[in-house]
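Letter by letter, the chains look like this.
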Amino acid sequence: MENKTIITISRQFGSGGREIGKKIADQLGIPFYDKELIEIAARTSKGFRLLGALGYSLGGPLSTITELSLNDRLYLVQEEVIKGVACEGSCVIVGRCADYVLRERSDVLNVYIHADMEDRKERAVHSYEVDERDIEGSIKKIDKRRANYYEYYTDRKWGRAENYDISINSSTFGIDGTVEIIKMLAQKKAL
């Protein structure tokens, strides 16, 4: 890509969002960040330095930030990591409220990926090895956790159209079709 574009992907569990994000990043030759990579970055010495800096910036020594829950502290570090990778150049970031964290930037394409329940169940069993007993209940529980996390840290409704530039059904277009649509939109946005 000639101009910088950051693509954030929020997704329903089993919609293929992670796979789609990875394919986009690979095809565009840009970095891909998912939950695990951001959490690993947060645990590095830079992450611990950020925790110390955040403690002072919140009005006191590190003990101030330790009054926050571990999840809140991790969110604050992840927020800084997301902002940092966005400053470095084009990339794809999956989850972790990245659309909200980067909401002030004009070079971000925010995508929400959803899919039909039957496709989600199929992917959950075969790609994520989710137990087939009460598969639909498991999918709904994971989505509820994602929604609760998103809504807690953003005061926005997860999956609501106005939070994203596009909402796309990967069941309608397939994984590769969805990749192509998002790539096209990202390239248009970068112009």
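Described below are features of the structure shown in this document. Nothing here was measured: the structure is a model prediction, and the numbers come from that model.

### Focus on the overall build of the chain
Reasoning step 1: Counting its secondary structure elements, the chain contains nine helices and five strands.
Reasoning step 2: Across the chain, helices and strands are ordered from the amino to the carboxyl terminus as β-α-β-α-α-α-α-β-α-β-α-α-β-α.
Reasoning step 3: Evaluated residue by residue, the chain yields a buried proportion of 49% over its 191 residues.
Reasoning step 4: Expressed as a percentage of contacts within the chain between residues at least 6 apart in sequence, the contacts between residues at least 24 apart total 70%.
Reasoning step 5: With an accessible surface of roughly 10200 Å², the chain has 49% of that area assigned to carbon and sulfur atoms.

### Things to note about the layout of surface pockets
The rolling of a water-molecule-sized probe over the atoms marks out the regions of remaining empty space.
Reasoning step 1: Considering only enclosed or pocket space, the largest pocket measures out at about 560 Å³ in volume.
Reasoning step 2: Along the wall of the largest pocket there are 24 residues; nearest its centre are Arg11, Lys35, Arg96, Ile142 and Arg146.
Reasoning step 3: Those elements giving two or more residues to the lining of the largest pocket turn out to be β1 (6-11), α1 (17-28), α2 (35-43) and α8 (135-154).
Reasoning step 4: Counting residues per element, the lining of the largest pocket draws most heavily on α8, which supplies five residues.
Reasoning step 5: Taken together, the residues of the lining of the largest pocket break down into eight nonpolar, seven polar and nine charged.

### A closer look at the packing of helix α7 (residues 117-126) against α8
Reasoning step 1: The interhelical angle for the contact between α7 and α8, taken along N-to-C directions, is 95 degrees, at an axis separation of 10 Å. Looking at the two axes, α7 sits roughly perpendicular to α8. Residues Met117, Arg120, Lys121, Ala124 and Val125 of α7 form the contact with α8, whose participating residues are Ile135, Glu136, Ile139, Lys140 and Asp143.
Reasoning step 2: When its residues are assigned to classes, the contact of α7 with α8 shows five nonpolar, no polar and five charged.

### Some details on the pattern of salt bridges
Reasoning step 1: Across all of its chains, the model carries 13 salt bridges by this definition.
Reasoning step 2: Residue aspartate 176 is joined to lysine 23 by a salt bridge in which the shortest nitrogen-to-oxygen separation is 2.8 Å. Of this pair, aspartate 176 sits in helix α9 (residues 170-190) while lysine 23 sits in helix α1, and the two are 153 residues apart along the sequence.
Reasoning step 3: Classification of aspartate 176 as partly exposed rests on a relative accessible area of 47%.
Reasoning step 4: Across the pair lysine 121 and glutamate 118 runs a salt bridge whose closest N-O atoms are separated by 3.0 Å. Within this pair, lysine 121 and its partner glutamate 118 are both found in helix α7, separated by three residues, close to a single helical turn.
Reasoning step 5: Salt bridges linked by common partners bring Glu118, Lys121, Glu136 and Lys140 together as one network.

Basis of the calculations
- Sequence order sets the numbering: in each chain, residues are counted from 1 along the sequence as written.
- At least 70 in pLDDT is required for a residue's local features to be given in this predicted model, at least 80 for side-chain atom pairs to be given and counted, and no such filter applies to totals for whole chains, interfaces and linings, which use all residues.
- Derived side-chain values reflect all non-hydrogen atoms in the structure, with water molecules and hydrogen atoms excluded from consideration.
- By definition, any uninterrupted DSSP run of H or I lasting at least four residues is a helix, any uninterrupted run of E lasting at least two residues is a strand, and each is numbered from the N terminus.
- Throughout, exposure labels follow a simple rule: accessible area from a 1.4 Å probe, protein chains only, divided by the maximum for the residue type, with under 20% read as buried, over 50% as exposed, and the rest as partly exposed.
- A contact between two residues is defined here by any heavy atoms of the two lying within 4.5 Å.
- Each accessible area value is a Shrake-Rupley result obtained with a 1.4 Å probe; residue values ignore everything except the protein chains displayed when judging cover.
- Detection works on a 1 Å grid of protein atoms alone, calling trapped sets that fit a 1.4 Å probe cavities and calling open sets with protein on both sides within 12 Å along at least five of seven lines pockets, with lining residues defined by an atom within 4 Å of a point.
- Grid points are joined across faces, edges and corners, and a volume is the space filled by probe spheres set on the points.
- Gly is put with the polar residues, along with every residue not named as nonpolar or charged; the nonpolar set is Ala, Val, Leu, Ile, Met, Phe, Trp, Tyr, Cys and Pro, and the charged set is Asp, Glu, Lys and Arg.
- Fitting a line to C-alpha atoms yields each axis, with helices limited to the stretch in contact; the angle taken between N-to-C directions then spans 0 to 180 degrees.
- With respect to orientation, any angle under 35 degrees is reported as roughly parallel, any angle over 145 as roughly antiparallel, any angle of 65 to 115 as roughly perpendicular, and every other angle as oblique.
- Should a side-chain nitrogen of Lys or Arg be within 4 Å of a carboxyl oxygen of Asp or Glu, the pair is scored as a salt bridge.

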